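Here are the chains, one letter per residue:
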Amino acid sequence: MNTVIKNILYTTALAFTLGACSDSEFEKINTDPNRPANVPTPSIILAAQKQLVDNIRNENFSLRGAQLFAQYYSQNIYTDQSRYDIPRSYADTYWANAYKALNNLNKVIQLNTDEATKATASAGAAGTNANQIAISRVLKAFTFHSLTDVFGDIPYESYGNDDPDFEALQQDPENYTPKYASQQKIYADLLNELRLAADTLWKYKDQNTFGNSDIIYKGANESWARFANSLRLRLATRIQAKDADLANQHIEAAIAQGVFTSNAHNAVFRYAASAPNEAPLYRATVTANRKDFAVSHIVVNALKGELGPFDSEDPRLSVYALPNANGQYIGQPYGLPLEAGGINGPTDISLPGAVINAANFGETLQEYAEVAFLIAEHNNWSDAEYRSGVQASLEKWGIGAATAKAYADELPPASRETVLTQKYFALFTQGLEAWSEIRRTGYPTFLVKPNDVVWERNTANGTTTYRFDPIFGNGIPQRLFYPEKEQSVNRANYQNALENQGDDVITTKIWWAK
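This report concerns the structure included in the present document. These numbers come from a predicted model, not from an experiment. (Residues numbered from 1 in each chain as written. Predicted model: local features only at pLDDT ≥ 70, side-chain atom pairs only at ≥ 80, totals over all residues. Heavy atoms only, no water.)

What follows concerns the environment of Thr364. With respect to the helices and strands, Thr364 occurs in strand E4 (residues 362-366). What makes Thr364 buried here is its relative accessible area of 1%. For the pair Thr364 and Ile216, spaced 148 residues apart in sequence, the C-alpha to C-alpha distance is 9.3 Å. For Thr364, the contacting residues outside a window of four places in its chain are Arg57, Ala267, Val268, Lys396 and Gln430. Polar side-chain contacts of Thr364 include one of 3.2 Å to the side chain of Lys396. (Helix = DSSP H or I, 4+ residues; strand = E, 2+ residues; numbered from the N terminus. Buried < 20%, exposed > 50% of the residue type's maximum accessible area, 1.4 Å probe, protein only. Contact = heavy atoms within 4.5 Å. Polar contact = N/O pair within 3.5 Å; in protein donor to acceptor, adjacent residues only side chain to side chain.)

Here it is, written out as structure tokens:
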């Protein structure tokens, strides 16, 4: 099977089926699946957005993967993934679905650049060719960045860049063996892609593109420009230790042109309240009638002020978690051995909060709080941005402005530890980004490490103690395995990636983390 999903027309038709939503939040899509070439670009962008968010927040990769790696959640029945026994199928599905979304985004660009289709593509309320291309480039950059942060070197493609190593989305259906580009080259190109996209979108910031088919911003070009620059800020900060000159150049230019300055700019994909388009966590718990995921004792205890640099209770505790049957916030011990997975029943511990587990939950791709923390870091841990980030995070979760400001004002001064720990709290539900920041910075320092005691109880018969004992690796995974099919279908390029990067194991650090 073509591991990078080269058959663009087929995946586009499939995406329309996945993206056709019944809730009023999603625009009705009237398409003929047998004639995908005639589907309008707004329909393609809607489908691609849903594919993208479904993939990064799905039950296996996110809930049983990145959310556990970040120790936000803890499994209260089956605990193997908490101890890093990660099925290879998680990587296979994540990889394949990401490239499906990328091919749909590439299709939008093709329809807006091909002389035979560009006039039709920009007809009606779809927006100009240039703006459609720019928004597609932003979403492609987000998707590729999400892929490379999981695997490292990957097949990559760039609009307008003829680098011979960039061939992931070429139209030749017989190309089953695309080269892997190095993560170093990918990051440099992603930053350039975001720069060019932001330039276009700022130039036409008062225009609308894609209209209501754009679930994230309802077509607002200025918001997309700010997202491009905010994402550029994130990526540049990530490579600061590897290429400070390139990072600082992009950080300063992105801030100067315009990044997020309030929660109104947050990039959010809101799901529908009705089937089949509910949010991933809701589908994994309410729809499936399961209680597999509890909030970890790490998060609960830290928000209580019992772990880390903060000694007062965080108002987000009651949003992130539900009280147990006794009205207490009790986190599920993280990383228990399988035989101890049932020591607490679902009513004994704190499950995800009602807001977090809503059918129409809005999955955040990036938010103002993160941007404020990134600027604080760039400005040598500046205090004003740090407190603005904390206040913004609390307000995002529905905490009143006065309460949020009072809490932020009383926090200890800004430092590497306080800023990055508050960033960790703010990224709750954004498992991949939190996992990446842990790998980049080593914060927060209170996460469970091998041999740490995670549960202890004194009884008449003595003390029962469980320590954290990973099944694989010696700590938080550094990456996921490449899909198994890459080892057979694209073996030569797969082997080249290993030669450049290191063994295909979860302990191999990717380029920016080395």
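Moving on, we get to the side chain of Arg64. Among the structural elements, Arg64 can be located in helix H3 (residues 59-69). Judged by relative accessible area, Arg64 falls into the buried class, the value being 8%. At a separation of 2.9 Å, a polar atom in the side chain of Arg64 contacts the side chain of Glu59. In terms of polar contacts, Arg64 uses its side chain to reach the side chain of Asp292, at 3.2 Å. Ignoring sequence-local partners within four residues, the contact set of Arg64 consists of Glu59, Gln75, Gln81, Tyr90, Arg290, Asp292 and Phe293.

Of the pockets and cavities examined, the largest pocket occupies roughly 340 Å³. Lining the largest pocket are 18 residues, and of these Ile438, Asn474, Gly475, Ile476 and Gln478 sit closest to its centre. Each residue belonging to the lining of the largest pocket can be placed in one class, and the counts come to nine nonpolar, six polar and three charged. (1 Å grid on protein atoms, 1.4 Å probe; cavity = no way out; pocket = protein on both sides within 12 Å on 5 of 7 lines; lining within 4 Å. Points joined across faces, edges and corners; volume = space filled by probe spheres on them. Nonpolar A, V, L, I, M, F, W, Y, C, P; charged D, E, K, R; others polar.)

A few words now on the packing of aromatic side chains. Enumeration over the complete set of coordinates arrives at 35 aromatic pairs. Consider the rings of Trp95 and Tyr482, whose centres lie 6.0 Å apart with planes at 90°: the pair is edge-to-face. Here Tyr482 lies in the loop between strand E6 (462-467) and helix H18 (484-489) and Trp95 lies in helix H4 (residues 88-113), a separation of 387 residues in the sequence. Measuring from centroid to centroid gives 5.8 Å for Tyr334 and Phe468, while their planes differ by 55°, and the two rings are tilted. In this pair, Tyr334 sits in the loop between helix H12 (317-320) and E4 while Phe468 sits in the loop between E6 and H18, placing the two residues 134 residues apart along the sequence. Grouping residues by exposure puts Tyr334 and Phe468 together as buried. (Phe/Tyr/Trp six-rings, centres within 6.5 Å; stacked < 30°, edge-to-face > 60°.)

Quick look at the side chain of Glu363 now. Mapped onto the elements of the fold, Glu363 is located in strand E4. On the accessibility criterion, Glu363 (5% relative accessible area) is buried. Looking at Glu363, its side chain comes within polar contact range of the side chain of Arg57, at 2.7 Å. Residues within four places of Glu363 in sequence aside, it is in contact with Val53, Arg57, Ala267, Val268, Phe269, Tyr271, Pro280 and Thr429.

The next thing to look at is the packing of helix H7 (residues 183-203) against helix H9 (residues 244-257). Two elements in contact, H7 and H9, have axes separated by 11 Å at closest approach and are oriented at 15°. By the angle between their axes, H7 is roughly parallel relative to H9. Seen from above, H7 lies across H9 with left-handed handedness. Contacts between H7 and H9 pair Ala188, Leu191, Asn192, Arg195, Ala198, Asp199 and Trp202 from the former with Leu246, His250 and Gln257 from the latter. Of the residues contributing to the contact of H7 with H9, the split by class is five nonpolar, three polar and two charged. (Axes fitted to C-alpha atoms, helices over the stretch in contact; angles between N-to-C directions. Parallel < 35°, antiparallel > 145°, perpendicular 65-115°, else oblique. Left-handed = near helix turned anticlockwise from the far one by under 90°.)

Taken by themselves, the reported measurements are silent on function.
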